[in-house]
Amino acid sequence: MESRAKKMIPSEGEDRLSDLPDNLIVHILSFMPTLYAVKTMLLRRFGNLSTLVPTLTFDLWDYGRIIRADKEDESIDDIFTSFARFIRNVLMLHKRPTIDSFHFSMKPIPVEIKDPKLIDDVQMWLRFAIDRQVKDLNFNFNGYDDLVLPHCIFMSQSLITLTLHGCMLEHQAHVHMGTLRELSLVKVKGSGQVYNQLILGCPSLQELNINITNLSNVLNITSPSVMNVKDLPNRSLSLFKKFLRQIRNVEVVTWSCHALETLSWGRKIKFPRTKWKRLVLRPSWDVKRSIEVILELLKNSVKLEELILYYDLSPWQDDSGYGCVESSTTSTYVMPQLKKVTIHRWARFSKAQLQLVEIVLQNAVHLEQLVIRGNNSRTTVDQLNFVKQVSNFRRGSANATVIFD
């Protein structure tokens, strides 16, 4: 027994790395940024194994930080040129027939180095990824708004996740990404017709994330089952009303604090009946008004099964003046299918927030679980008082359990 234990403990100077099989080393390298993985070629045991990794990550900012650590006098233009050359060399030497992910970021791009030749290079790099049947393509080229993506991206039958940041969408002769499940568009230019063509060409789409800077561009969206509403313009109320009608059949919706703020300003907006099943809200503004908006959304989301709230109320923020919703208006907020509610990051609990918990417990007749996750800034006394109040609330569902985390 003792001799076996001794064998398991490496003796001083023993090279255990050399005993690892090549496929395990390649797997380890796949978790490293490509720049670091390539540097392992200097080690004899690693050799050219970095040319077989299934993940490729190129980040201009990270590359420049590392280069300047070695060469402090390196100019931005030299770093940029070196970065482009590095990518070309890596792709030229890469031997794996398929890749799982290709992440590419050239943000920020200094104005003085906007080289037209770079667009040709980037299009070539993207074609490389598609040719290798990439599954996860994350492309951040914020600063080159006139970059037109190669058509092969929109005909990929391997992509599962596609993230585009800072580029141009043009009308395509044909769009069909049969395996795409998640699509994220951030600061992407294009008409509403082009947006709709792209989304309709993704029959398996499960999640759509859009950073909306021009609401009119997405008003024709009809196909997604999931939408993440990150930024909405706080002008043009008529456009916003139209947008609400457009997404009423979406199953999963995420509202950021900016989007919710737009809702709070549109006090006379009549919320349409929705088919939302999962609703994620991030209110971080006037608490009383946020409760009113949340209740209005719940009132018109009769098919809602899960509600997730992220609150950013600071522990020192005074809740005086944050009154409660009129009790006479809360009796109509019946939630017939709501089964789970999760509330994150409540540093402290205002009267309006407590009222929301009470309304949910009373009116969610099939509620199974209410999870409340605070943070460590709450004192023990505050926590106990809150738990005591919530425990005394009447519950509309006999099966409802409340979990404090």
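Here, residues in each chain are numbered from 1, in the same order as that chain's written sequence. Local features in this predicted model are restricted to residues of pLDDT 70 or higher, and side-chain atom pairs are both shown and tallied only at a pLDDT of 80 or more, whereas totals for entire chains, interfaces and linings draw on every residue. Side-chain descriptors were evaluated using all non-hydrogen atoms of the structure, hydrogens and water having been removed beforehand.

Within an unreviewed UniProt entry, the label attached to the protein reads FBD domain-containing protein, and the organism entered is Saponaria officinalis.

1. Quick look at the environment of Lys-339
The residue Lys-339 is located in the loop between β10 (306–310) and β11 (340–346) in this model. Taking the C-alpha atoms as reference points, Lys-339 and Leu-367, 28 residues apart in sequence, are found 4.1 Å from one another. Beyond its immediate chain neighbours, meaning those up to four positions away, Lys-339 contacts Glu-305, His-366, Leu-367, Glu-368 and Gln-369. Each helix is a run of H or I in the DSSP string that is no shorter than four residues. Each strand is a run of E no shorter than two, and both are numbered from the N terminus. Note on definitions: a residue-residue contact is assigned when non-hydrogen atoms from the two residues lie within 4.5 Å.

2. Overview of the pattern of salt bridges
Oppositely charged side chains can form a pair if their charged atoms are brought close together. Salt bridge, as used here, is a side-chain nitrogen of Lys or Arg placed within 4 Å of a carboxyl oxygen of Asp or Glu. Across all of its chains, the model carries three salt bridges by this definition. Salt-bridge contacts for Asp-100 lead to Lys-135; the nearest nitrogen and oxygen are separated by 3.9 Å. Of this pair, Asp-100 sits in the loop between α5 (76–93) and β2 (101–105) while Lys-135 is found in the loop between α6 (116–131) and β3 (136–140), placing the two residues 35 residues apart along the sequence. To sort residues, take the accessible area from a 1.4 Å probe on protein chains only and compare it with the maximum for the residue type: under 20% means buried, over 50% means exposed, and anything in between is partly exposed. A relative accessible area of 33% places Asp-100 in the partly exposed class. Owing to a relative accessible area of 40%, Lys-135 belongs among the partly exposed residues under this scheme.

3. Quick look at the side chain of Asn-209
Looking at the secondary structure, you find Asn-209 in strand β6 (residues 207–211). Among the residues examined, Asn-209 registers a relative accessible area of 7% and is labelled buried. Leaving out residues up to four positions away in the same chain, Asn-209 has contacts with Glu-182, Leu-183, Ser-184, Leu-185 and Asn-228.

4. Describing the nonpolar core
The biggest cluster of nonpolar side chains holds 102 residues, and the ones touching the most others in it are Phe-58, Phe-102, Phe-104, Trp-125, Leu-137, Phe-139 and Trp-255. Beyond its immediate chain neighbours, meaning those up to four positions away, Phe-102 contacts Leu-56, Phe-58, Leu-91, Trp-125, Phe-128, Ala-129, Val-134, Asp-136, Leu-137 and Asn-138. Residues enter a nonpolar core if they are buried and are Ala, Val, Leu, Ile, Met, Phe, Trp, Tyr or Cys, with the set joined through side-chain atoms within 4.5 Å.

5. Points about the packing of aromatic side chains
Each aromatic pair joins two rings of Phe, Tyr and Trp (for Trp, the six-membered one) with centres within 6.5 Å, and gets the label stacked for planes under 30 degrees apart, edge-to-face for over 60, and tilted for any other angle. Applying the stated rule across the entire model yields six aromatic pairs. Residues Tyr-63 and Phe-83 carry aromatic rings whose centres are separated by 5.2 Å and whose planes lie at 55° to one another, so their mutual orientation is tilted. Of this pair, Tyr-63 sits in helix α4 (residues 60–70) while Phe-83 sits in helix α5, and the two are 20 residues apart along the sequence. Tyr-63 gets classed as buried once you look at its relative accessible area, which sits at 7%.

6. Considering helix α11 (residues 351–363)
Taking 1.5 Å of rise per residue, 13 residues should cover 18 Å, and α11 covers 18 Å from first to last C-alpha, within 8% of that figure. Burial runs high along α11: ten of the 13 residues are buried. Taken as a whole, α11 has its buried residues at Ala-352, Gln-353, Leu-354, Gln-355, Leu-356, Val-357, Ile-359, Val-360, Leu-361 and Asn-363. One less than the number of residues in a helix, times 1.5 Å, gives the span that helix is expected to have.

7. So, unusual backbone geometry
Positioned with a positive phi, Gln-133 is a non-glycine residue whose angle comes to about 55°. Structurally, Gln-133 can be placed in the loop between α6 and β3.

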